[in-house]
Amino acid sequence: MRLIAAEDTRHTLKLLSHFDVHTPLISYHEHNKLRRLDDVLAALAQGDVALVSDAGTPVLNDPGYELVRAVLEAGHKISPIPGASAPIAALTASGLPTDAFLYLGYLPRKEANGARS
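Below you will find a few notes about this structure. (Residues numbered from 1 in each chain as written. Predicted model: local features only at pLDDT ≥ 70, side-chain atom pairs only at ≥ 80, totals over all residues. Heavy atoms only, no water.)

**Structural notes on the overall build of the chain**
Piece 1. Helix and strand counts for the chain stand at 4 helices and 5 strands.
Piece 2. Listed N to C, the secondary structure of the chain is β-α-β-α-β-α-α-β-β in terms of helices and strands.
Piece 3. In terms of overall size, the chain is more extended than a compact globule, its C-alpha atoms giving a radius of gyration of 17 Å where 117 residues would be expected to give roughly 13 Å.
Piece 4. Within the chain, contacts between residues at least 6 apart in sequence are counted, and of these 48% link residues at least 24 apart. (Helix = DSSP H or I, 4+ residues; strand = E, 2+ residues; numbered from the N terminus. Rg over C-alpha atoms; globule rule 2.2 N^0.38 Å. Contact = heavy atoms within 4.5 Å.)

**Structural notes on the pattern of salt bridges**
Piece 1. Taken as a whole, this structure holds 5 salt bridges when the rule is applied.
Piece 2. Salt-bridge contacts for R10 lead to D8; the nearest nitrogen and oxygen are separated by 2.8 Å.
Piece 3. When its relative accessible area of 61% is taken as the criterion, R10 is described as exposed.
Piece 4. Relative accessible area serves as the criterion here: at 12%, D8 is assigned to the buried category. (Salt bridge = Lys/Arg side-chain N within 4 Å of Asp/Glu carboxyl O. Buried < 20%, exposed > 50% of the residue type's maximum accessible area, 1.4 Å probe, protein only.)

**Quick notes on the nonpolar core**
Piece 1. Of all hydrophobic cores here, the largest spans 11 residues; its members are L3, A5, I26, Y28, L37, V40, A43, L44, L67, A70 and V71.
Piece 2. Put simply, the parts of the chain that give this core at least two residues each are β1 (3-6), α2 (33-46) and α3 (65-73).
Piece 3. Tallying contributions element by element places α2 first for this core, with 4 residues.
Piece 4. Leaving out residues up to four positions away in the same chain, L37 has contacts with Y28, E66, L67 and A70. (Core = buried A, V, L, I, M, F, W, Y, C linked by side-chain atoms within 4.5 Å.)

**Describing the sheet that holds strand β2 (residues 25-27)**
Piece 1. With parallel pairing, 3 strands are arranged side by side in an open sheet as β2-β1-β3. At either end of the open sheet lies a strand with only one pairing partner, and these are β2 and β3 (49-52). Ignoring which end each strand starts from, the neighbouring axes of this sheet average 25° apart.
Piece 2. Pairing of β1 with β3, which is carried by 4 bridges, proceeds in the parallel orientation. Bridging from a neighbouring strand, A6 pairs with V52 of β3.
Piece 3. Across the sheet, helix α1 (residues 9-18) is in contact with β1, β2 and β3; its angle to β2 comes to roughly 160°. (Pairing = 2+ DSSP bridges. Axes fitted to C-alpha atoms, helices over the stretch in contact; angles between N-to-C directions.)

**What to know about a nonpolar patch on the surface**
Piece 1. Together, L15, F19 and V21 make up an exposed nonpolar region whose accessible area comes to about 290 Å².
Piece 2. Residue position: L15 is located in helix α1.
Piece 3. For L15, a relative accessible area of 47% gives the class partly exposed. (Patch = residues over 30% accessible without salt bridge, like charges linked within 9 Å, V, L, I, M, F, W, Y side chains within 5 Å. Areas by Shrake-Rupley, 256 points an atom, 1.4 Å probe, with all protein chains shown as cover.)

If you want it as structure tokens, here you go:
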């Protein structure tokens, strides 16, 4: 891995230190996300880049939507590491806006009492 872009480098550094990972780390948060785009894209041209959030899924309620769009526009591939919800992983890697979306779940497999449940 070439670079790790983290929402809060203090939290991520604790995790990296615990696992003895020495990949270069930069901050990537709401207040610097547009200034950091070129840095991340330059690192991506040289190798892999990871985007890490403090909690939850990066890009979803965290900075990163603009980064995903720029990465896709530059012709690079996004590989989300899915958690408990595959649709969320797909959304975060799609380049679609993540600030507002509606997910109503999957269609039911069986009919209950003549009606779909």
